[in-house]
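Letter by letter, the chains look like this.
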Amino acid sequence: MATDALPMRLRAQALADGGVQVRVLMRHDMETGQRRGEDGARVPRRHIHTVTVWLNDAVALRAQWGPGVARDPFMQFTLPSAKVGDAVRLRWEDTAGESRSAQTAVVAA
Amino acid sequence: MSTRRAALATLAAGWPLALHAADAFAARDVAGALAALGVAGEPRPSALVHLTAPDVAENGAVVPLTLATSAPDATHLILLVDGNPVPLVAVHELTPLLVPRIELRIKMAQASPVRLVVRLADGRALVASKQVAVIQGGCGGD
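A brief look at the structure comes next. Throughout, residues of each chain are indexed from 1 in the direction in which the sequence is written. Throughout, the order in which chains and ligands are written sets their labels, letters from A for the former and numbers from 1 for the latter. Local features in this predicted model are restricted to residues whose pLDDT is 70 or higher, and side-chain atom pairs enter the listing and the counts only when it is 80 or higher, whereas totals over whole chains, interfaces and linings include all residues. The basis for every side-chain value is the complete set of heavy atoms in the structure, and neither hydrogens nor water enter the calculation.

The next thing to look at is unusual backbone geometry. Residue and element names in this part refer to chain A. Despite not being glycine, M30 shows a phi value in the positive range, around 50°. Structurally, M30 is set in the loop between β2 (20-25) and β3 (48-55). Throughout this description, buried means an accessible area under 20% of the type-specific maximum (1.4 Å probe, protein chains only), exposed means over 50%, and partly exposed covers the range between. Judged by relative accessible area, which is 1%, M30 ranks as buried. The phi dihedral of N56 is positive, around 55°, even though this residue is not glycine. The secondary structure listing takes helices from DSSP runs of H or I that are at least 4 residues long and strands from runs of E that are at least 2 residues long, numbered from the N terminus. With respect to the helices and strands, N56 occurs in the loop between β3 and β4 (58-65).

Residues and elements named next belong to chain A. Salt bridge, as used here: a side-chain nitrogen of Lys or Arg that lies within 4 Å of a carboxyl oxygen of Asp or Glu. The full count for this structure, using the stated rule, is eleven salt bridges over all chains. A salt bridge links R35 to E31; the shortest N-O distance between them is 2.6 Å. Classification of R35 as partly exposed rests on a relative accessible area of 36%. The partner of E98 in a salt bridge is R100, with the nearest N and O atoms 3.1 Å apart. The exposure class assigned to E98 is partly exposed, which follows from its relative accessible area of 33%. Residue class for R100 comes out partly exposed when judged on its relative accessible area of 27%.

Take the packing of aromatic side chains next. Ring pairs shown here join Phe, Tyr and Trp side chains whose ring centres sit within 6.5 Å, with only the six-membered ring taken for Trp; geometry is labelled stacked below 30 degrees between planes, edge-to-face above 60, and tilted in between. If you walk through the whole model with that rule in mind, you get zero aromatic pairs over all chains. Working rule: Lys NZ or Arg CZ, within 6 Å of ring centre, within 35 degrees of ring normal, means a charge sits over the ring. Cation over ring: R89 of chain A sits above W54 of chain A, and NZ or CZ is 4.0 Å from the ring centre.

Any functional reading would require information that these geometric values do not contain.
Right, here's the structure in full:
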């Protein structure tokens, strides 16, 4: 993965009107298996297939993805019951068996 | 128990929400993907499903969407693009810890309907669709 050297970016910030907004930028080529490389050969399909988000120790979101999610996947969502200082953790797994995790603490608005 | 409470109880039990999507991602059309996900019957168009997508995507490699629902007993947000080689793009399992509104960027190979299917606790499904034009396809195919 060309973008693998860059770390995942995970931010969780309290909203003025309650709840916590989570923004994540994962680093992954999300190869569809359709694209041809410089040598003309198809680049094998390889993509994130599962994303799990925990608020403290509870699962808040589980996503299953195909190759149709954009390269370097960006996702944004809101956790209504989260508070400043809570831990938000995210883990992805890809079709090659690789995984990455990141954790952050909720910061104030 | 209210429908909402029942849905949350089902969520807490972790069943039947762990949809096994692998077969659905292998499907080559929308109907096949939904059948593989166990969605019962034809999804019913509903104002409780909120899909925000551009009218025209300049670059099919990055198409920003917002997927949301106000259906109280929603369990999953299921995103499909008819014109993609793999029509099923994403299955998001909702929990009580999450506002059912997710922003996500996807790929589109060509102009196509984008469909957001909301699965309900009883297995029925609602849908909202939008046609999106694509200037340059984003799946890297020939």
